[in-house]
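# Analysis of the macromolecular model
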Amino acid sequence: MTVNHVVTLDGPSGPVRVAEQPLPAVEAGQLLVRVELGGVCATDLHIYQGDIPDFGYPATLGHELVGTVEQIGDGLTSDTAGRTLRRGDRVAVMPATPCGRCPACRRAPRIPDCDDFDVIGFADPSTRPAGGGWGRYVLCNSSRARFFVTEAAADAAVLTEPAATPMEGMRRAGVAFGDSVLVQGTGTIGLLAIATARALGASRIVAIGGPARRLEIARSLGAAETIDIADHADGAERIGRAVAASPEGLGFDAVIECAGVPSTLPEGLSCLRKGGTYIELGHFSDVGDAAVNPYRHLLSRDATLIAVSGYTPDSFRRALRVVEGLGDRVADLVTHRVPLSRAEDAMLALTAERRYELDGAEVGKIVIDPWS
């Protein structure tokens, strides 16, 4: 019997272990993917720290993944976009798939909502076999799974999932050619938000974040101007500089929060032009409250708020197109490659206590290679 190796988290703060599991049989309509890379996300860290309410443990981790088709179940002939599927094809896998039948699916088809999501990387290993991208194999659990064939390198395709959230937010906001965009935060999500805004045709992109290396990457991806939080620690000063950098000094058509810090909300709302849209992406876990003045920040600006906790298959597909076009810049984004046995080190490297470093170097996107 072929054995799968997969990272399993037994509870908050661990233990994190590499478990052996029998490789499940591939039934009709299913797809077995041999994982090439699994991305490490701040959400994984929040799961490790116990910050996500009602999260169920134990869990097999890894929701950002790319791999090659190992086995195709009977009746499955194409990917989600209709492209012919063959053994050996590289596929970017969308981790959360709704059932399409429950009341939530029927009630809210415009947004990803389901009472019975099948989620790769959040799965109970006793009930969801081969259910995590931090493993050697992933079973796309039913014919409703979403996956897309790509010719991009694995290092690029593994960025599809983190790019899908800003793509979803900007599409809901209607960001289009000629718009101005402010991105708060220059972690992986923020940098991919910059790339996405540029791909959608934004004419003026400004980023607030740090450190210097990430700001340099932000400029290479399309930011016309960057504001370093180390040089401008005062929020009011950052607002002033950002608004001054907007077209005609009137504020931005869209502000995208990717930092996950509560104080960024009132700061970002203050940078909107009248009629602008604030897109919240960064707070997937509860890290505290934000002080928002309903009149000054919202009503006086005729502001629109959009909060994004997931994405549609179409946004995932479009995000794949963005990362396929990153070219050599992928090397700036994907900074570390580690084996399954270092999954805990990879998560802890995303903390201030570890100074956002792994093996003495600043981290960007860390990926796990389950075969190294």
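Residues numbered from 1 in each chain as written. Predicted model: local features only at pLDDT ≥ 70, side-chain atom pairs only at ≥ 80, totals over all residues. Heavy atoms only, no water.

Identification of the chain as Alcohol dehydrogenase catalytic domain-containing protein from Actinomadura violacea is taken from an unreviewed UniProt entry. Per UniProt, the chain has the following entry under Cofactor (unreviewed entry): "Zn(2+)". (UniProt positions renumbered as here; feature names shortened; annotations may be inferred.)

## Here's the deal with the overall build of the chain
Helix and strand counts for the chain stand at 12 helices and 21 strands. On C-alpha atoms alone, the chain measures out to a radius of gyration of 20 Å, which is about the 21 Å that the 2.2 N^0.38 rule sets for 372 residues. For the C-alpha atoms alone, the extent of the chain along its principal axes is close to 65 × 45 × 40 Å. The buried share of the chain, reckoned over its 372 residues, is 54%. Looking at the chain alone, contacts between residues at least 24 apart form 70% of all its contacts between residues at least 6 apart. Accessible area for the chain stands at about 15500 Å²; split by element, carbon and sulfur atoms hold 48% of it. (Helix = DSSP H or I, 4+ residues; strand = E, 2+ residues; numbered from the N terminus. Rg over C-alpha atoms; globule rule 2.2 N^0.38 Å. Buried < 20%, exposed > 50% of the residue type's maximum accessible area, 1.4 Å probe, protein only. Contact = heavy atoms within 4.5 Å. Areas by Shrake-Rupley, 256 points an atom, 1.4 Å probe, with all protein chains shown as cover.)

## Topic: the sheet that holds strand E12 (residues 180-184)
As summarised here, the arrangement of the six strands in space is E14-E13-E12-E15-E16-E17, forming an open sheet in which the pairing is parallel. Each edge of the open sheet is held by one strand with a lone partner, namely strand E14 (225-228) and strand E17 (304-307). With direction set aside, neighbouring strand axes in the sheet form an average angle of 15°. Summarising the sheet, E12 and strand E15 (residues 252-257) pair through four bridges and their orientation is parallel. When the sheet's bridge partners are listed, Val-183 is paired in E15 with Ile-256. Strand contacts of helix H6 (residues 212-221): strand E13 (204-209) and E14, with the helix running at about 165° to E14, the strand carrying the most contacts. In this fold helix H7 (residues 235-245) packs onto E12, E13, E14 and E15, with an angle of close to 175° to the strand it touches most, E14. (Pairing = 2+ DSSP bridges. Axes fitted to C-alpha atoms, helices over the stretch in contact; angles between N-to-C directions.)

## A word on the state of the cysteines
The final tally for this structure, using the stated rule, is zero disulfides. Cys-99 forms no disulfide, and the closest cysteine sulfur to it belongs to Cys-114, at a distance of 3.7 Å. Distance from the sulfur of Cys-258, which forms no disulfide, to the nearest cysteine sulfur (Cys-41) is 12 Å. Look at Cys-258 and you get buried, because its relative accessible area is 12%. (Disulfide = S-S within 2.5 Å.)

## Focus: the packing of helix H4 (residues 160-173) against helix H10 (residues 313-324)
Axes are the key here: two packed helices are described by the angle between their axes and the distance separating the axes. Where H4 meets H10, the axes come as close as 8 Å, and the angle between the chain directions of the two elements is 115°. Remark: the crossing between H4 and H10 carries right-handed chirality. Together, Thr-160, Glu-161, Ala-163, Ala-164, Met-167, Glu-168 and Arg-171 of H4 and Asp-314, Ser-315, Phe-316, Arg-318, Ala-319, Leu-320, Val-322 and Val-323 of H10 make up the contact between the two elements. When the residues that make up the contact of H4 with H10 are grouped by side-chain class, the tally is eight nonpolar, two polar and five charged. (Left-handed = near helix turned anticlockwise from the far one by under 90°. Nonpolar A, V, L, I, M, F, W, Y, C, P; charged D, E, K, R; others polar.)

## Comments concerning the environment of Val-91
Position of Val-91 among the secondary structure elements: in strand E6 (residues 90-94). A relative accessible area of 0% means that Val-91 is categorised as buried. As a C-alpha pair, Val-91 and Pro-294 span 203 residues in sequence and 45 Å in three-dimensional space. What Val-91 contacts, discounting residues up to four positions off in sequence, is Val-33, Leu-65, Val-66, Gly-67, Val-69, Leu-85, Phe-147, Phe-148 and Val-149.

## A look at the sheet that holds strand E4 (residues 59-61)
Spatial strand order, E2-E1-E4-E9: four strands in an open sheet with antiparallel pairing. Looking at which strands have only one partner, the edges of the open sheet turn out to be strand E2 (16-22) and strand E9 (122-123). The pairing of E4 with E9 spans two bridges and is classified as antiparallel. Following the sheet pairing, Leu-61 is matched in E9 by Phe-122.

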